[in-house]
Amino acid sequence: MGIFSFFNRYRDYEDIELPVKEPETAAVESSVGTLPELNVGMPVEVMEESGHLLNAGLITECKDREATIGRKPGSLSFKISEIGSTLFLRGCDNKMTQFYLRARVAESTRTMTKLVDLEPEIRDNKRRNFRLAVNVPISIYYLNDERMERPEQCILVDISTEGCCIQSEYLHGEGEVLHLKIKLDEYVAMDFVGEVIRVNDCGPGGFRCGILFAQLKKDEIESLTKMLFNIQLGNRREHSRAEQGYWTGK
């Protein structure tokens, strides 16, 4: 299998500028610490304390320690939350640094969620990169299938520069190493090598596996982060589709 740098083969990613809007508010001081600058149009995820994802959307209003989250174009209804309940907001600022915020639900409908009393949330195990929730079919291959001739079809649940979550009807063991072929939107297909580090039974749907990618280079991480961020915002750009990208961390 050929190995090359994503950054070197796809120079057109260098020209992608992350969408940056003028912040509605500057960083705000709270009793816990400084809140990040929240901008209208910023993609965020609303989660329960357990980490379970409730809604993924865009900030439509933000002021002081309040933020209103609306649906992304093409998305369906939000899950309704109890007024006064505590939820957590996860996002990525303009410097691509991930943040967590604790908040209280002030209003919740099928089309929006208003959160107030935002406070920085410190988590030892928080992810250091942007994670994109998706629901697309991908192919995975066993490591001894060097020509990648025997694909196993599964669903990509989410992806970041550190790894991904897949859902498969087959049970894979922790420590198992797999090849993954992933294609997102109109971008070229990418090949990853990853290790299964977590397996959960999800009932009739099969099994969910957390996969840790082989370490990517710094420039590869930056390029992939920009791509995931742009997909989250619904941006599109034409790229070469004649080549395959190999992400083996070499």
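Look up a bit, the structure's there.
Predicted model, so just to flag it, every value in this text is computed and none were measured.

> Which parts of the structure should I look at to understand the nonpolar core?
Here is a general trend for soluble globular proteins: nonpolar side chains tend to be buried in one another's company. Ranked by size, the top nonpolar core spans 25 residues in total, and within it Leu 156, Ile 159, Ile 166, Leu 180, Ile 182 and Leu 184 carry the most contacts. Mapped onto this core, the elements with two or more residues apiece are strand S7 (132–142), strand S8 (152–159), strand S9 (163–168), strand S10 (177–182), strand S11 (190–201), strand S12 (207–213) and helix H2 (218–232). Contacts of Leu 156, omitting those with residues within four sequence positions, involve Val 134, Asn 135, Val 136, Ile 138, Cys 164, Cys 165, Ile 166, Ile 182 and Leu 184. Judged by nonpolar contacts, the second largest core, of 19 residues, contains Ile 69, Phe 78, Leu 115 and Leu 118.

> Any chance you could explain H2 here in plain terms?
Turn by turn, an α-helix covers 3.6 residues, leaving residues three or four places apart pointing in a common direction. Taking 1.5 Å of rise per residue, 15 residues should cover 21 Å, and H2 covers 21 Å from first to last C-alpha, within 8% of that figure. Looking at H2, one finds that the buried residues are Glu 220, Ser 223, Leu 224, Thr 225, Met 227, Leu 228, Phe 229, Asn 230, Ile 231 and Gln 232. Of the residues flanking the end of H2, it is Gly 234, one or two places downstream, whose phi is positive at about 85°.

> So what exactly am I meant to see when it comes to unusual backbone geometry here?
Only a minority of non-glycine residues have a phi that is not negative, and only a minority of peptide bonds are not trans. Its identity as a non-glycine residue notwithstanding, Asp 64 has a phi of 50°, on the positive side. Mapped onto the secondary structure, Asp 64 falls in the loop between strand S2 (53–63) and strand S3 (66–70). In the Ramachandran plot, Asp 117 falls in the positive-phi region, its phi being about 55° despite a non-glycine side chain. Among the structural elements, Asp 117 can be located in strand S6 (residues 112–120). The exposure class of Asp 117 is partly exposed, given its relative accessible area of 34%.

> Teacher, can you tell me more about the packing of aromatic side chains here?
Note on aromatic pairs: each is described by the distance of the centres and the angle between the planes. Within this structure, the stated rule accounts for one aromatic pair. Each ring, one from Phe 192 and one from Phe 213, has its centre 4.2 Å from the other, and the planes form 15°; the classification is stacked. Taken together, the positions of Phe 192 in strand S11 and Phe 213 in strand S12 put the pair 21 residues apart, joining distant regions of the chain. Given a relative accessible area of 1%, Phe 192 falls into the buried group. We classify Phe 213 as buried; its relative accessible area is 6%.

> It is not clear to me how the pairing of S6 should be interpreted in this structure. Could you clarify?
One face of the sheet, then the other: side chains in a regular strand alternate in exactly this way. Counting buried residues along S6, seven of its nine residues qualify, which places the element largely inside the surrounding structure. Of the pairings in the sheet, the one linking S3 to S6 comprises four bridges and is antiparallel in character. The residue of S6 that forms the bridge with Thr 68 is Lys 114. Bridging between strand S5 (residues 98–108) and S6 involves six bridges; their strand directions are antiparallel. Bridged to Leu 101 within S6 is Pro 120. Hairpin geometry of S5 and S6 is characterised by an intervening segment of three residues between the two adjacent antiparallel strands.

> Please clarify how the sheet that holds strand S1 (residues 43–47) should be interpreted in this entry.
The strands making up a sheet are joined through hydrogen bonds of the backbone, oriented either antiparallel or parallel. Spatially, six strands are ordered S1-S2-S3-S6-S5-S4 in a closed barrel, and the strand pairing comes out antiparallel. Strand-to-strand twist of the sheet, defined as the mean angle between neighbouring strand axes without regard to direction, takes the value 45°.

Rules used in this analysis
Residues numbered from 1 in each chain as written. Predicted model: local features only at pLDDT ≥ 70, side-chain atom pairs only at ≥ 80, totals over all residues. Heavy atoms only, no water. Core = buried A, V, L, I, M, F, W, Y, C linked by side-chain atoms within 4.5 Å. Buried < 20%, exposed > 50% of the residue type's maximum accessible area, 1.4 Å probe, protein only. Helix = DSSP H or I, 4+ residues; strand = E, 2+ residues; numbered from the N terminus. Contact = heavy atoms within 4.5 Å. Expected span 1.5 Å × (residues − 1). Phe/Tyr/Trp six-rings, centres within 6.5 Å; stacked < 30°, edge-to-face > 60°. Pairing = 2+ DSSP bridges. Axes fitted to C-alpha atoms, helices over the stretch in contact; angles between N-to-C directions.

As far as function goes, none of this settles anything; it's purely spatial.
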